[in-house]
Amino acid sequence: MSELPQRQTDIGPPHYEQFLPPVIQKNYGQWKYHEQLGPGHMVHVAESGDKIWTVRVASPRLLSTDTIKDMCDIADAHCDGHLRFTTRNNVEFMVDAESKVEPLMKALTDKDFLIGGIGPRISNVVHTQGWVHCHSAATDASGLVKALMDDLGDYFTTKTLPNKVRLAVACCVNMCGAVHCSDIALVGVHKTPPRIEHDRIKNMCEIPSTIASCPTSAISPDPQKKSVKIKLEKCMYCGNCYSVCPAMPIADPKNDGIAIVIGGKVSNLRSNPKFSKLAIPWLPNTPPRWNETVAAVRKILETYESGARKHERVGEWVDRIGWEKFFKITGLEFTLQHVDDFTFARETWRMAATFKW
Amino acid sequence: MEKEELKKIIYQLVEKSTGKKKLKQSDILKKVAADQGLEKSEVKAALRELMDAGELIFTYFGGSFVEIPPKE
Amino acid sequence: MSMKHQTPLLDELEKGTFPSFVKEIKRAAEHSDYAQDLLGLLELSYKEKVTHWKHGGIVGVRGYGAGVIGRYSDIPDQFPGVAHFHTVRVNQPSGFFYTTKALREICEVWDKYGSGLTNMHGSTGDIILLGTKTENLEPIFAELSSKGWDLGGSGSAVRTPSCCLGAARCEWANIDSMSITNEITQHYQDEMHRPAFPYKFKFKVAGCAVDCIASIARADMSIIGTWKGDIRIDQGEVKNYAQNGMDIQKEIVDMCPTECISWDGSEFKIDNDDCNRCMHCIAKMTKALRPGTEKGATILLGSKAPIVTGALMSWVIVPFMKMEPPYTELFELVDKIWEWWDEYGKNRERIGELIERLSFTTFLKEVGLEPQPAMVKEPRRDPFFFWSEEDIEK
Ligand code: HEM
Ligand code: HEM
Ligand code: HEM
Ligand code: HEM
Ligand code: HEM
Ligand code: SF4
Ligand code: SF4
Ligand code: SF4
Ligand code: SF4
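Note that the structure is predicted; figures quoted are calculated from it, not measured. (Residues numbered from 1 in each chain as written. Chains lettered and ligands numbered in written order. Predicted model: local features only at pLDDT ≥ 70, side-chain atom pairs only at ≥ 80, totals over all residues. Heavy atoms only, no water.)

1. Quick word on the state of the cysteines
Residues and elements named next belong to chain A.
- Using the criterion set out here, one finds 1 disulfide over all chains in the structure.
- Residue pairing for C205: its cysteine sulfur links by disulfide to C245, the two sulfurs lying 2.2 Å apart. Classification of the bridge connecting C205 and C245 rests on its S-S torsion, roughly 80 degrees, and on that basis the disulfide is right-handed. Here the residue C205 occupies a position in the loop between helix 6 (198-204) and helix 7 (207-212), and C245 occupies one in the loop between helix 8 (240-244) and strand 12 (257-262), the gap between them amounting to 40 residues.
- For C205, a relative accessible area of 10% translates into the label buried.
- Under the relative-accessibility criterion, C245 is labelled buried at 0%. (Disulfide = S-S within 2.5 Å. Helix = DSSP H or I, 4+ residues; strand = E, 2+ residues; numbered from the N terminus. Buried < 20%, exposed > 50% of the residue type's maximum accessible area, 1.4 Å probe, protein only.)

As structure tokens, this is what we get:
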């Protein structure tokens, strides 16, 4: 093997300044306003009068180096070798003259990049690793995103909504992707506790660390069997124990499924940031197209689209009409699972005699 | 105190608790600094040399710990 | 290279208009055995509806306790290409701007030593390089670090800080989120790479209350830009919005949460004393309205996900802090908070959980922050409060 270069430690990331397009370096901190010119296309104007045009395209987040190099080719040809990614896995190409916008957009569409995601639309979907990379996944994430966005793609590229709708997918309740503050989010859920394979535990698992792995202290030793037992009412099906002890499988293809939570937001615009709340506790896990889940999201989205006032986010709309009305007009079933019995439960109960019929 | 001696003390502390209680970096800094009457930063510098030499390593097990590397 | 495994279920996800991750894996599979076997493994997951990954093994680069995450297939015999499939977290530059030269360099290293698959970016913000073997880790680190890249955080450490692009291209940035993030990252290199905390600690920096980086929901410390003083109004531009069809009464005045705006068709007035700086009017009329000029940040602490005790969002601990290099006030505050956390935190206890357990009042006292109404939604409802020695007349 060839000689390796000298490693360095604690140098931190490269300084961002070297990566900024010249027009941004020049006008850093001096931006005056921006205008949205199309579904994936905006211009920012600086105090100096300089302008920068941005074209936003979707990515699947999981990118091959080949596709990154394709993006680089386009950025080299049109953007003087600069590009950036957004917090929601979109890619932005920026140019400093209006005449460069059309050729850039053409180059992008020629390569099948999807332009959109700016303004009162659905932007790209924040999501997690799923079956591509994670041991706790109750469902896949990339596949769900793809199925969902193939169906809702018009809301990325053309159609508008009362306000932005932020979608997120987490493949288990660990929710690496912070789905708990999204307008509409899908979460992979287990419905059954881990199964303890007593014969295998003896050889495969260290009992103390298995016990320690449980966040709710549901696991205790079972000295007779030289194994462990689970206090069922404490288990929240998180799968942590399986990470430590492979003899406690939790995956259950028949019962694992998808929950939908809605109405979260992180921005402070108008109303305070909100957590998402449970809309549908369980839908079957049906790869590769997850038709039930996609249809349910579409139904919630369309009910919001027709009922919300301009600028209302999903959560603001539901807060205005009330959750009881939300369940009525969407026709979604209200179940025992919807009633909170976790840490902050009491704050969610209705301590008033006012509600809608 | 000589750095080499301090390194030995740290290594022995980790060795002694292997199999009993996993130590976090801050457990080591607190204990050794208190026992030897040193600044935590001195202990930290010595610990870092042990890490850089690969004599001790970080492990992750529902939290990050300092351990002796497994024998091949 | 032809595909090693048949993947009828995944092939279904090559169809449709949205960009396809299956196409990406197949592109990588043209030259990567890892990607070939990843396809096979994933197809099996699609068929059986179970995951085929497991934790295990202690992997990393020498001297660091962060930045590499071990990952193994649970059926390595069937899919040897992904027997090891470790993740490398590479610290992204603030704001996610790149030159093509820099991206190509990373791609080159990754094509040589890894699967050719990435996440641009992970939800914490790192460049995620997905899938390599243990013996490649040191070479990857040598190649990357010699080109100026370093690894991000993982484990019980400072996690890779991230931010919105702020001053680089957004007129609402009240603070230089990219500079602050870069400074934090450089200042706490040791705390990122050599885990010493009870659990993870995340910083996220947003230029304004729109919070494009979702800091309030997923950072232990959320730094959100804001201002004092009057919103700057360009009355001419307000009229332009009205003429161009905006219903200012309905879309702006009626939607202001504090009801502090009035509009009579010719003059747009804001009672700034009553404005809570939610950003709605500014966001909707960006040409006409601009934040006030005395800028700084609100510091919030403590968000985390629901496991184990329920989700928390960050809450205010410092209503207003000036944010100017070298950010000494911020670093001093952080150091005090960490000292307290280090003293009392249990393994896997986030700072927000510790404050819940020992109380917000204890935290305020020990970290030396003055109580202020901005820290709470409302004062307490119960009469069960405590006094300290010095409050009692002897
Ligand atoms: C259905 C209920 C939910 C579950 C089971 C859940 C679970 C989780 C878990 C396990 C984590 C990672 C925990 C950690 O890092 O300590 C997480 C992170 C997060 N969740 Fe949720 N979540 C839920 C709902 C929500 C809601 C409603 C919001 C927002 C309104 C939200 C926002 C976040 C954020 C922002 C993070 C990242 C926090 C961090 O970085 O620590 N989650 N969630
Ligand atoms: C006590 C048991 C364990 C618990 C509760 C646990 C929990 C977690 C949590 C919360 C994370 C995400 C947070 C983070 O990045 O630090 C995580 C990630 C991870 N854990 Fe564990 N874990 C446990 C045991 C293990 C073991 C034994 C291994 C391997 C030896 C392991 C390997 C990993 C890896 C590789 C990741 C990162 C996954 C990625 O980003 O690709 N874990 N684990
Ligand atoms: C072993 C399975 C897991 C895998 C493969 C995995 C993978 C990942 C990856 C790749 C990231 C992005 C990292 C970055 O951008 O730097 C991430 C972030 C995260 N993970 Fe995990 N993770 C795992 C387990 C967990 C667990 C068990 C938890 C919680 C208890 C957890 C909580 C989180 C959180 C909160 C984030 C950051 C979200 C944000 O900052 O927006 N993860 N995970
Ligand atoms: C119309 C005025 C707005 C402007 C100029 C604006 C600007 C931006 C910019 C520059 C980004 C990229 C940030 C980054 O990746 O670092 C961004 C992303 C984002 N913004 Fe805004 N924003 C606006 C309104 C909003 C509103 C009203 C919300 C939410 C209510 C919002 C939520 C977000 C989110 C979630 C992202 C991440 C989206 C992505 O990366 O694709 N923004 N915005
Ligand atoms: C240790 C403190 C308190 C004590 C000992 C106390 C005691 C009492 C007593 C003896 C009554 C009369 C009950 C009756 O008529 O049967 C009463 C009524 C009431 N107290 Fe308190 N109280 C305390 C604190 C508070 C606080 C802090 C509030 C409000 C924030 C409050 C609000 C009321 C109200 C609204 C009533 C009338 C309730 C009704 O008629 O239904 N009290 N309290
Ligand atoms: S959400 Fe759960 S399954 Fe998905 S990547 Fe995170 S820990 Fe893994
Ligand atoms: S699944 Fe989670 S809650 Fe249930 S026993 Fe295992 S670790 Fe505990
Ligand atoms: S958080 Fe505010 S300053 Fe930062 S990009 Fe979003 S709108 Fe701009
Ligand atoms: S920023 Fe919000 S609270 Fe302040 S005037 Fe505008 S809409 Fe009203």
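So that's the structure; there's more coming.
2. Things to note about the site of ligand 4
- As a structural note, the neighbourhood of ligand 4 is formed by 20 residues, with A:H34, A:T86, A:N90, A:R313 and C:W172 the closest of them.
- At a separation of 3.4 Å, an oxygen atom of ligand 4 approaches a polar side-chain atom of A:R56.
- A distance of 3.0 Å separates an oxygen atom of ligand 4 from a polar atom in the side chain of A:R84.
- Classifying every residue of the shell around ligand 4 gives 7 nonpolar, 6 polar and 7 charged. (Near = heavy atom within 4 Å. Polar contact = N/O pair within 3.5 Å; in protein donor to acceptor, adjacent residues only side chain to side chain. Nonpolar A, V, L, I, M, F, W, Y, C, P; charged D, E, K, R; others polar.)

3. Looking at the domain arrangement of chain C
Residue and element names in this part refer to chain C.
- Domains assigned within chain C are domain 1 (8-146), domain 2 (162-228 + 295-391) and domain 3 (232-290).
- Centre-to-centre, using C-alpha coordinates, domain 1 lies 32 Å away from domain 2.
- Between domain 1 and domain 2 the total buried area reaches about 1,000 Å² when both faces are included, carbon and sulfur atoms providing 55% of it.
- Applying the counting criterion to the domain 1 and domain 2 interface returns 0 salt bridges.
- For the pair domain 1 and domain 2, the number of links is 7 residue pairs in polar contact (both at pLDDT 80 or more).
- Along the lines of polarity and charge, the residues of the side of domain 1 that touches domain 2 split into 4 nonpolar, 9 polar and no charged. (Domains from an automatic or database assignment. Buried area = accessible area lost by both parts, 1.4 Å probe. Salt bridge = Lys/Arg side-chain N within 4 Å of Asp/Glu carboxyl O.)

4. So, the packing of aromatic side chains
- Taken as a whole and judged by the stated rule, the model has 33 aromatic pairs over all chains.
- Geometrically, the ring pair formed by A:W317 and A:F326 is edge-to-face, given 5.9 Å between the ring centres and 80 degrees between the ring planes.
- Relative to C:W341, the ring of C:F197 has its centre 5.1 Å away and its plane inclined at 45 degrees; by these criteria the two rings are tilted. With a gap of 144 residues between them, C:F197 in the loop between helix 7 (189-193) and strand 9 (203-206) and C:W341 in helix 12 (residues 328-344) connect regions that are remote in the sequence. (Phe/Tyr/Trp six-rings, centres within 6.5 Å; stacked < 30°, edge-to-face > 60°.)

5. A few points about unusual backbone geometry
- Of the consecutive residues A:P287 and A:P288, the connecting peptide bond is found in the cis state with omega at 5 degrees.
- Along the chain, A:P288 turns up in the loop between strand 13 (277-284) and helix 9 (291-307).
- A cis geometry characterises the amide bond from C:M120 onward to C:H121, with omega recorded as 10 degrees.
- Within the fold, C:H121 resides in the loop between strand 6 (117-120) and strand 7 (127-130).
- With phi around 65 degrees, A:D112 is a residue other than glycine that occupies positive phi space.
- In this fold, A:D112 is placed in the loop between helix 3 (101-110) and strand 7 (126-127).
- Given a relative accessible area of 66%, A:D112 falls into the exposed group.

6. Regarding the sheet that holds strand 4 (residues 62-64) of chain A
- The strand order 4(A)-6(C)-7(C)-4(C)-2(C) describes an open sheet built from 5 strands, whose pairing is antiparallel. At either margin of the open sheet sits one strand with a lone partner, and together these are strand 4 of chain A together with strand 2 (68-69) of chain C.
- As defined by bridge partners, strand 4 of chain A adjoins strand 6 of chain C across 3 bridges and the pair is classed as antiparallel. Looking across to strand 6 of chain C, one finds that A:L62 is bridged to C:N119. (Pairing = 2+ DSSP bridges.)

7. Quick notes on the interface of chain C and chain A
- On the chain A side, the residues contacting the 120 residues of chain C number 109 residues.
- Across the interface of chain C and chain A, roughly 10,300 Å² is buried in total on both sides, 61% from carbon and sulfur atoms.
- Our enumeration of links across chain C and chain A arrives at 11 salt bridges.
- Two residues, A:E35 and C:K287, come together in a salt bridge whose shortest N-O distance is 3.2 Å.
- Seen at the junction of chain C and chain A, the total is 63 residue pairs in polar contact (both at pLDDT 80 or more).
- Element by element, the count of residues in the side of chain C that touches chain A is highest for helix 4 (residues 100-113) of chain C, at 9 residues.
- Here the residues of the side of chain C that touches chain A are counted per class, giving 57 nonpolar, 33 polar and 30 charged. (Contact = heavy atoms within 4.5 Å.)

8. A short note on the coordination of the iron atom of ligand 1
Residue and element names in this part refer to chain A.
- Looking at the iron atom of ligand 1, one finds its protein donor set to be H180 (ND1) and H180 (NE2), positioned 1.8 to 2.5 Å from the metal centre.
- Relative to the metal, the 6 donor atoms surrounding the iron atom of ligand 1 lie at angles of 36 to 176 degrees, and the coordination shape comes out irregular.
- Relative to the helices and strands, H180 is located in the loop between strand 8 (167-170) and strand 9 (184-189). (Donors = N, O, S within 2.8 Å, 3.2 Å for Na, K, Ca; no water. Tetrahedral: all angles 85-135°; square planar, octahedral: opposite > 155°, others 65-115°.)

9. Considering the pattern of salt bridges
- Evaluated as defined, the whole model comprises 50 salt bridges over all chains.
- Of the charged contacts, one joins C:D190 and C:R194 as a salt bridge, the two residues approaching to 2.9 Å between their closest N and O atoms.
- Residue classification places C:R194 among the buried positions, given a relative accessible area of 4%.
- Here the salt bridges do not stand alone but share partners, grouping A:D10, B:K44, B:R48, B:D52, C:D190 and C:R194 into one network.

10. Details of the sheet that holds strand 8 (residues 162-163) of chain C
Residues and elements named next belong to chain C.
- Strand order in the open sheet formed by 5 strands is 8-9-10-15-16, with mixed pairing between adjacent strands. Each having just a single partner strand, strand 8 and strand 16 (315-321) make up the two edges of the open sheet.
- Pairing between strand 10 (residues 221-228) and strand 15 (residues 294-301): 8 bridges, direction antiparallel. Considered in strand 15, the bridge of T226 is made with G296.

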